[in-house]
Each structure stands twice: as structure tokens, then as C-alpha cells.
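The residues making up each chain are set out below.
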Amino acid sequence: MAGRNNGKIRQYRKPLNINLGIIIFSVIFIYIVICVFLYFTDKHIMGYEVKTGSLSVGNVYQGIALRQETIVMSTDSGYINYYAREGERVGSGKLVCSIDESGQLKEMFDANKAEDTQLSDSDLSDIRSEITGYMNGFDRKQFSGVYDFKYSLEGTALKLANINVLQDLQSLNSSASSLITLCSAPVSGIVVYSTDGFEAVSADQITADMFDREKYEKKQLINNDLVAAGDTLYKLSTDENWSIVIQMDAERAQELLEEEYVQVRFLKNQFSSWAKVNVLNNADGNTYVKLDFNNSMITFCADRFIDIELVTKEEQGLKVPNSAIAEKEFFLIPKDYVTKGNNNENGVLKETYTENGEVTTEFIATSIYYETDDDYYIDNSILELGNNLVKPDSTDKYTISRSATLIGVYNINKGYADFKEIQILSQNDEYAIIKSNTTYGLSAYDRIVLDAETVNGDEFIND
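Everything numeric here is computed off the predicted structure, so don't read it as measured data.

So, how was this worked out
Residues numbered from 1 in each chain as written. Predicted model: local features only at pLDDT ≥ 70, side-chain atom pairs only at ≥ 80, totals over all residues. Heavy atoms only, no water. Patch = residues over 30% accessible without salt bridge, like charges linked within 9 Å, V, L, I, M, F, W, Y side chains within 5 Å. Areas by Shrake-Rupley, 256 points an atom, 1.4 Å probe, with all protein chains shown as cover. Salt bridge = Lys/Arg side-chain N within 4 Å of Asp/Glu carboxyl O. Helix = DSSP H or I, 4+ residues; strand = E, 2+ residues; numbered from the N terminus. Buried < 20%, exposed > 50% of the residue type's maximum accessible area, 1.4 Å probe, protein only. Core = buried A, V, L, I, M, F, W, Y, C linked by side-chain atoms within 4.5 Å. Polar contact = N/O pair within 3.5 Å; in protein donor to acceptor, adjacent residues only side chain to side chain. Pairing = 2+ DSSP bridges. 1 Å grid on protein atoms, 1.4 Å probe; cavity = no way out; pocket = protein on both sides within 12 Å on 5 of 7 lines; lining within 4 Å. Points joined across faces, edges and corners; volume = space filled by probe spheres on them. Nonpolar A, V, L, I, M, F, W, Y, C, P; charged D, E, K, R; others polar. Arc of directions from axis to C-beta. Contact = heavy atoms within 4.5 Å.

Peer 1: Outline a nonpolar patch on the surface, listing residues and values.
Peer 2: Together, L20, I23, I24, V27, I28, Y31, I32 and V36 line one region of the surface with nonpolar side chains, adding up to about 780 Å² of accessible area. Inspection of the secondary structure assignment puts I23 in helix α1 (residues 20-41). Look at I23 and you get partly exposed, because its relative accessible area is 42%.

Below you can see the structure in the form of C-alpha cells.
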């Protein structure tokens, strides 16, 4: 029995168990890793289909209104009462306001002696128009305008009531009447009851800081306020000719100047008018456009900042992204040196030498990318500077020495990047409108490379 225990002990080996699921998962994982690697290392060329369209050009501007304005000062002290409405045209010598030294007119008004004042249909229409105009031009960022509107509307109502109070002047005793000074307009003009310091500013004095509405200060002249001698009573806009100054880049300003006149839409009431264009290069180094009008001044007589839209003709054509536009250099070849090959393809006769040193010619096929009156633009990858070209049916020779660049895009209709010359009609930050149906250009629904920097000329595209 003891001998039986002397045998060797052998280790038990487990049978090999292959997990098919792990193998499949590993293969899929390796495949995904390879695909991701190839995706990030391969060149990605995206196409873009050309379509007709127009550009959305930002034509809305904030302008500063400049008018001929005369400030009328008080010669006496007292309470001021207005009788002309703001925005009303008054003739020279017409009553605009009165200065009540005694305050008796103010007491009459405060005592509601004018409580029976009735507004006519015309008066109500003016007030409605004023409210509508304010609502159209309301800007939440300029909340101070709410107070200006409040004072303006309140002043309109008070001025209408003051007309009735003025009629009671005859009921006052002579001593009280002698303390009231009637103030008439020194010249004909449009009455405005506010000042802002811009009254004497000319167009060539405008600076960029003046367009900051947060720094703008407007002083509203309030009915029944106490004024001293030398204080401002009101101002008169004395000329129907007026201007709006806007700020823009020099290139855009030059385009408007070439048009000479431009149609302007006022955003406050959607009214449109034509303006003469003048370009100013002011001392602050910025470019400004002065738009001169000969009408509508009375509508905006109380507004210093006016939002406008320039109504310009939109260019129609083929719309392409700016990223697709590239520049490419070409050789300039005289037209007489370009001929047709056996397959009716364009090309040139290049001078070459045989092994024996004999001079001969070789037909080199080449595409034409653009032409002028005298020259063709041909690809510079086929020929070299200094190559001699032979004129067909002649012994005349031309040595390639001139080159020029074209602006264009890469057409991929045929599966490779084919440069096409373009003529830009207008352009903004994202797109360009190009002329359609040109001899060597694009047509609607052509496919082009979206990013010109990702491709080389004649490169095959896997789009």
C-alpha cells in the first residue's frame, strides 16, 4: 500500500476556453480606433452648392441731426407760460410765451380757471401723433427718453390750457397786466422747447464721442417754471434745409458718394426721403457721411438722434461664402500663341529639342481661365518661366515672362478641384455676390469647395 503513494503528482490543466464575445468586441474596438485615426488624419474637403441670392447689408445707422437753430433768451424774471405748441411754425412777431413776474397767471392756472378747456379734434390728433411717434422710436436702453416724452406731452396739454388763461389777461387789473411780459418770435421758425448744446455744432465738428447717447444731456424747458433774465426761453429752427450726420467706413462712404443721392427711411415713422450725400473726413480721423434734406425738418425738429435706414439697391447674383474665395497665379500668354489641338482642345506650341539637338515643337494642352483684349490666363503648373512658345503658322516666338493673379473658387463638378474666376459685385463679412454666367466663371447649382485653403488645384475630391 505504501508503494502506491510514491507515484508522481501531475498538475491538472484546465481546458482552453475561448470567449467569442471578447474577440468580437476587440475586433470592433480596433476597427473604431482605426476609423477615428483615419478621420482625424485624412483631409476633409466640404462642398457647397452655389445658388442665386443677395446680401443682407447693415444699412441702419444712428444719425445726429443738425439744423439752423436760434436760441431765444429771457430779458425778465418770472414764471414762463407757453402758448405755441412745440413743432409749430410761428411767424416773426407772433406770440410764443409770456413772463409773469407776479405769478398771477400761474395762480389762475393752479386755481383751475382753465378747467373748462376743451381739446379740439386737431389737438387730439396732434397728441395721438406724438404718442405714436414715441412708441415707434422707443428704446429700452434709453429710458431717459421716457421723461422727455412725459415733459413734452405734459407741456403740450399745458400750452393748450394756457391759451385760455391768456384770454383772461383782459380781466386782470392794469397793475397786474404791467407785470406780464409778452415774448414774440424774433424771426420765423419752428418752436422747440429744449436745448442740448448741439445748436451751434457744424458737420465738420462732429466726433465719434458725440454719438454716445449715454453722455447726451437734453434740457427740457418746462411750462410754468421760474426763469431768470438771461435764461433760455425756447429755440427756433429757422430753415427747412437740414442734415443728418452718420459714421461709417471710408469704403462704404465712397460708394454712397458715387451715387450722389440716397433714399433714407426714418425708422421713427417709416417716412422716406431722398438726401444728397457728402463725405467728411473730420479732425478725429473718422469718416462721416452728411445727408442733406430739404424737407421733413418740422417732423423731427425736437430730435437730435435719429435712427435711419439707407434704402440701397441690392446686388443680385451668385452667392458664395468668403471662405471659398482664393487667389491663384497664372501665366499671361498672347492670344496669337494659343491654338487648337487634334481633339479641339486649347493649347500652345512649346519649343523643345530632340536628342540630336534639333529644334521642334510640342503641343501642350492647357485650359483658359480668363482673357483680356490681348492675353489669355493659363495654368502655370504645366509651363515654366522662360519657356519659348512658337506662334502657329509662323516663326515668331514668345518667352513666358509675365504672370498675374485671379480671384476665384474651386469648382468640383467633375470630381477634381478646377479653379474658376469670379467677379465680385458686393461683399459682406460672410458672403460675396458674384456675377453669374460669365465665360470662365460659375453658374447656379455648381458645386464648389467650401474652404479654399483645404484644397490644391486639380486635386481629386472625395466629397
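So much for the structure itself; the text now carries on.
Peer 1: Pulling in residues and values, what's your account of unusual backbone geometry?
Peer 2: Glycine aside, negative phi is the norm for most residues, and most peptide bonds take the trans geometry. Even without being a glycine, E260 presents a positive backbone phi close to 75 degrees. Inspection of the secondary structure puts E260 in the loop between α6 (250-259) and β15 (261-266). Phi is positive for N437, which is not a glycine, with a value near 60 degrees. For N437, the position within the fold is in the loop between β31 (431-434) and β32 (447-449). Given the relative accessible area of 61%, N437 is considered exposed.

Peer 1: Describe the nonpolar core, with residues and values.
Peer 2: The biggest cluster of nonpolar side chains holds 24 residues, and the ones touching the most others in it are W242, I246, V264, F266, L291, I308 and L310. Secondary-structure elements contributing two or more residues to this core are β3 (60-66), β9 (189-192), β14 (242-247), α6, β15, β16 (272-281), β17 (287-293) and β18 (305-311). Residues V90, A185, V227 and Y234 belong to the second largest nonpolar core, which totals 17 residues.

Peer 1: Which residues make up the side chain of N387, and what values go with them?
Peer 2: Here N387 is to be found in the loop between β25 (375-379) and β26 (388-390). Judged by relative accessible area, which is 14%, N387 ranks as buried. There is a polar contact of 2.8 Å between the side chain of N387 and the backbone nitrogen of E384.

Peer 1: Kindly report on the pairing of strand β7 (residues 95-100), identifying the contributing residues and their values.
Peer 2: By the criterion of burial, β7 is predominantly enclosed, with 5 of the 6 residues buried. Sheet analysis places strand β5 (residues 78-82) next to β7, joined by 4 bridges and oriented antiparallel. Its bridge partner lying in β7, I80 is registered against I99. Across 5 bridges, β7 lies against strand β8 (residues 180-184) in antiparallel orientation. Residue pairing for β8: I99 is matched across the bridge by T181.

Peer 1: Kindly report on empty space enclosed by the protein, identifying the contributing residues and their values.
Peer 2: Counted according to the given criterion, the structure contains 2 cavities of 30 Å³ or more. Its boundaries defined by the atoms lining it, the second largest cavity holds a volume of some 40 Å³. As for the second largest cavity, its lining consists of R67, E69, V192, S194, D196, Y216, K218, K235, C301, A302, D303 and R304. Considering only residue class, the lining of the second largest cavity consists of 4 nonpolar, 1 polar and 7 charged.

Peer 1: Can you tell me about the sheet that holds β9, naming the residues and giving the values?
Peer 2: What the 4 strands build is an open sheet, ordered β4-β13-β9-β6; its pairing is antiparallel. In the strand order of this sheet, the two ends are held by β4 (69-73) and β6 (89-90), each with one partner.

Peer 1: Explain α6 to me, using residue names and the numbers behind them.
Peer 2: Within α6, burial applies to R252, A253 and L256. Down the axis of α6, the buried set is contained in an arc of 100 degrees. They therefore lie on one face. The outward face of α6, more than 90 degrees from its buried face, is lined by the exposed residues E251 and E258. Buried positions along α6 lie against β3, β15, β16, β17 and β18.

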